[in-house]
Amino acid sequence: MVEQLISIFFLFTIAIYLVLSEDNCRILQFLDAKDGSTLEKYVIRTIALNSEHSCRVQCYLENACVSYNFGKRVAGDEVCELNNSTDIQHPDDLKPRENFIYRGAENSCGTRPCMNGGTCQSGFLPHGYRCLCAAGFTGLKCETNVDDCSANPCHNGGSCRDLVNGFKCDCPEGYLGTLCDIAPSECNQYKILNDSDRRSDVGRGDRKCDRNLTEDWYRFSAGAGTSIPTHCLPHHKCGTDLPGWMDGAHPTADEGVVSRKVCFHGYQNCCHHHIMINVRNCSSFFVYRLKPVQVCASRYCGRS
């Protein structure tokens with residue numbers, strides 16, 4: 001008996017030391033035991049122990065524990081089952097069980113105070129509980145979205161948008177990357193195509209041809225629109241006989257430079273002939289490495 005008391009005292013001493021060593025002190029107010037009962041479905045840990053007192057200490061040490069089952073199994077050994085809920089929240093799950101007792105504690109997490117996916121742990125002072133917040137949230141109840149833009153992570157004048165557990169930089173013209181720290185030369189050094197008769201909704205007009213276009217990076221602007229259409233255009237559009245359109249989607253900024261086929265519609269064929277070009281998404285606009293056409297009258301078209 002003396003040895004058992006010494007063992008219990010030793011375990012309580014360890015429990016008090018460990019609990020008080022937490023950032024917040026933990027105190028559990030245990031209620032009267034219920035003989036011949038156990039709480040089912042909420043066991044988070046099972047330990048072979050020889051006294052209820054030892055089981056109670058283990059519940060103190062397990063931050064998610066708010067009740068326990070203790071008793072003798074069919075095999076004859078005594079076991080402690082730690083639960084992360086109580087019979088107050090789940091009365092229907094308190095079931096009869098011979099040779100066992102159930103003891104619950106006051107559970108401040110029963111009202112689910114933690115928001116935004118936070119995990120509640122009962123018994124922590126000074127509020128009776130503490131919330132372990134999901135990434136991106138802070139506050140007593142995890143009610144505050146962490147401002148991931150507070151450190152001004154975006155470079156080169158990029159505008160930061162705070163997200164849940166992250167941020168997004170909206171980059172100024174000519175800059176790419178997660179932090180707007182990449183400046184590809186083609187996004188800063190390009191030629192402009194701004195002829196208003198290049199727009200895809202303009203008729204044949206003077207039947208212009210891009211045979212004399214020098215191979216280089218180009219950006220559509222002003223009256224010409226902002227990008228090359230990605231669907232077959234009717235023939236005799238954008239100031240020419242064979243209007244050029246891009247067969248394939250525009251890339252995202254993260255894809256870098258991609259290869260695409262520009263088709264020229266003529267003679268009842270949406271792709272009577274074609275030219276392979278390069279395309280880059282410069283975040284707020286597109287640039288194209290265009291080549292001179294070999295068949296006149298063919299022309300690269302633009303759209304708004």
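Above this text you will find the structure in question.
Notes on the structure follow. Please read all numbers here as calculations on a predicted model, not as lab measurements.

Below, the discussion takes up the sheet that holds strand β17 (residues 286–290). Within the open sheet, the seven strands sit side by side as β12-β13-β17-β16-β15-β14-β18. Their pairing is mixed. Of all strands in the sheet, those bounded by a partner on one side alone are β12 (191–193) and β18 (298–300). Neighbour-to-neighbour, the strand axes of this sheet turn through a mean angle of 40 degrees, independent of strand direction. Note: strand β15 (residues 258–266) against strand β16 (residues 269–281), eight bridges, orientation antiparallel.

The next point concerns the layout of surface pockets. In this model, the largest pocket occupies a volume close to 330 Å³. Considered class by class, the residues forming the lining of the largest pocket number seven nonpolar, 10 polar and one charged. There is about 190 Å³ of room inside the second largest pocket. Lys 168, Cys 169, Cys 171, Leu 176, Gly 177, Thr 178, Ala 253, Asp 254, Asn 281 and Ser 283 are the residues that line the second largest pocket. Broken down by class, the residue content of the lining of the second largest pocket amounts to four nonpolar, four polar and two charged.

Relative to the assigned elements, Pro 229 resides in the loop between β13 (216–220) and β14 (242–247). A relative accessible area of 0% means that Pro 229 is categorised as buried. Put simply, Pro 229 and Pro 243 are 14 residues apart on the chain and 10 Å apart in space, counted from C-alpha to C-alpha.

Taken in spatial order, the five strands make up an open sheet running β1-β5-β3-β4-β2, and their pairing is antiparallel. If you trace the sheet from one side to the other, it starts and ends with β1 (34–39) and β2 (43–48), each paired once. Strand after strand, the sheet turns through a mean of 40 degrees between neighbouring axes, direction not considered. The pairing of β2 with strand β4 (residues 78–83) spans five bridges and is antiparallel. Its bridge partner lying in β4, Arg 45 is registered against Leu 82. Helix-sheet contacts for helix α2 (residues 52–61) involve β2, β3 (67–72), β4 and β5 (94–104), and the interaxial angle to β3 is about 150 degrees.

Definitions and limits used
Residues numbered from 1 in each chain as written. Predicted model: local features only at pLDDT ≥ 70, side-chain atom pairs only at ≥ 80, totals over all residues. Heavy atoms only, no water. Pairing = 2+ DSSP bridges. Helix = DSSP H or I, 4+ residues; strand = E, 2+ residues; numbered from the N terminus. Axes fitted to C-alpha atoms, helices over the stretch in contact; angles between N-to-C directions. 1 Å grid on protein atoms, 1.4 Å probe; cavity = no way out; pocket = protein on both sides within 12 Å on 5 of 7 lines; lining within 4 Å. Points joined across faces, edges and corners; volume = space filled by probe spheres on them. Nonpolar A, V, L, I, M, F, W, Y, C, P; charged D, E, K, R; others polar. Buried < 20%, exposed > 50% of the residue type's maximum accessible area, 1.4 Å probe, protein only. Contact = heavy atoms within 4.5 Å.

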